Amino acid sequence: MKRFPQISDTEWKVMKILWKESPITANDVVNKLDGVVDWSDRTVRTLLNRLVKKEVISFNRDGREYLYYPRILEDECIKKENKSFLERVYGGDINLMFAKFLRHEALSEDEIEELKKILNDKEKDGKGRKR
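Small disclaimer: the values here were computed from a predicted structure and weren't measured.

Student: Looking at this structure, I do not really get the overall build of the chain. What am I missing?
Tutor: On a plain count of helices and strands, the chain comes out with 6 helices and 3 strands. Mapped in sequence order, the helices and strands of the chain form the string α-β-α-α-β-β-α-α-α. For 131 residues, the compact-globule formula gives about 14 Å, and the C-alpha radius of gyration of the chain, at 19 Å, lies well above that figure. Once the C-alpha set of the chain is aligned to its principal axes, its extents read approximately 55 × 35 × 25 Å. Scored against the burial criterion, the 131 residues of the chain give a buried share of 23%. Across the chain, contacts joining residues at least 24 apart in sequence account for 51% of those joining residues at least 6 apart.

Student: How should I be thinking about the nonpolar core in this particular structure?
Tutor: Inside soluble globular proteins, nonpolar side chains tend to come together where they are buried. Core analysis: the largest hydrophobic core is formed by 22 residues, its most contacted members being Val14, Met15, Leu18, Val29, Leu48 and Ile57. Secondary-structure elements contributing two or more residues to this core are helix H1 (9–20), helix H2 (26–33) and helix H3 (41–53). Other than its neighbours up to four places away in sequence, Val29 contacts Val14, Ile17, Leu18, Ile24 and Val44.

Student: Which parts of the structure should I look at to understand the pattern of salt bridges?
Tutor: Side chains that differ in sign of charge can pair as their charged atoms come close. All chains considered together, the criterion is met by 5 salt bridges. Note that Lys117 is salt-bridged to Asp121, the shortest N-O span being 2.9 Å. With a gap of 4 residues between them, Lys117 and Asp121 both fall in helix H6 (residues 109–125), about one helical turn apart.

Student: Looking at this model, I keep getting lost on H2. Mind explaining?
Tutor: All of the buried residues in H2 are Ala26, Val29, Val30 and Leu33. Within H2, the buried residues cover an arc of 100 degrees as seen down the axis, which keeps them to one side. Contact partners of the buried residues in H2: H1, strand S1 (24–25), H3 and strand S3 (65–70). A positive phi of about 90 degrees marks Gly35, the residue just after H2.

Student: How do you make sense of H3 when you look at a structure like this?
Tutor: Each full turn of the α-helix corresponds to 3.6 residues, which orients residues three or four apart in the same direction. Taking 1.5 Å of rise per residue, 13 residues should cover 18 Å, and H3 covers 19 Å from first to last C-alpha, within 8% of that figure. Within H3 the residues assigned to the buried category are Val44, Leu47, Leu48 and Leu51. One side of H3 holds all its buried residues, which, seen down the axis, span an arc of 100 degrees. Pointing more than 90 degrees away from the buried face of H3 are the exposed residues Arg42 and Lys53. Buried residues along H3 sit in contact with H1, H2, strand S2 (57–62) and S3. After H3 finishes, the residue Glu55 shows a positive phi value of roughly 65 degrees.

Student: I tried to follow a nonpolar patch on the surface on my own but got confused; where do I start?
Tutor: A grouping of Phe98, Phe101, Leu102, Leu115 and Ile118 is seen on the molecular surface, where their side chains present a nonpolar patch of about 440 Å² in accessible area. Where the nonpolar patch is concerned, the elements lending two or more residues are helix H5 (94–104) and H6. Among the elements that line the nonpolar patch, the one with the most residues is H5, at 3 residues. Relative to the elements of secondary structure, Leu115 occurs in helix H6.

Student: What should I look at first to understand unusual backbone geometry in this one?
Tutor: A negative phi angle characterises most non-glycine residues, just as the trans form characterises most peptide bonds. In the segment running from Ser22 into Pro23, the intervening peptide bond is cis, with an omega of 0 degrees. Following the sequence through the fold, Pro23 ends up in the loop between H1 and S1. In this model, Glu55 sits at a positive phi of 65 degrees, which is unusual for a non-glycine residue. Here Glu55 is to be found in the loop between H3 and S2.

About the thresholds
Residues numbered from 1 in each chain as written. Predicted model: local features only at pLDDT ≥ 70, side-chain atom pairs only at ≥ 80, totals over all residues. Heavy atoms only, no water. Helix = DSSP H or I, 4+ residues; strand = E, 2+ residues; numbered from the N terminus. Rg over C-alpha atoms; globule rule 2.2 N^0.38 Å. Buried < 20%, exposed > 50% of the residue type's maximum accessible area, 1.4 Å probe, protein only. Contact = heavy atoms within 4.5 Å. Core = buried A, V, L, I, M, F, W, Y, C linked by side-chain atoms within 4.5 Å. Salt bridge = Lys/Arg side-chain N within 4 Å of Asp/Glu carboxyl O. Arc of directions from axis to C-beta. Expected span 1.5 Å × (residues − 1). Patch = residues over 30% accessible without salt bridge, like charges linked within 9 Å, V, L, I, M, F, W, Y side chains within 5 Å. Areas by Shrake-Rupley, 256 points an atom, 1.4 Å probe, with all protein chains shown as cover.

What follows is the structure, encoded as C-alpha cells:
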C-alpha cells in the first residue's frame, strides 16, 4: 500500500467484523451484520470488493468460498483516522480538541480517574509532544 486508504463509515462496520474474526466468508459477514444494519447480501459483497480494491483486506480461496481477512491492523487504522480527524476538525490542535470535549461531555468519576492515569503515565514515559 502506497498511501493509507480512506475507509468509509459503512466499510468500518465490515472491518470491525474482520478484525474480530478472520478469516471469514462473505456469508458469515452478512450473518454478523444481520439485525445490525439493513443491508442486502449484495451490499455487503460490494463493500468487501471495495475493501479488496483498496488493499485493506484480502482473501484466500477455499473451494468455492472466499475467506476474507484484514491486511491492516485495527490500531493502525484507528491511529490514522484519529490523526485525520484532529487535522480536519481542529487544525491539528490536540489541546483544543480535548478542551472542547471535556467542557461539553459529562464524565463519570471513573472516567476522570482513567484520564488522569493516562496523562500521568504519558508524563512518566516522557512520550509527551515537545513544543
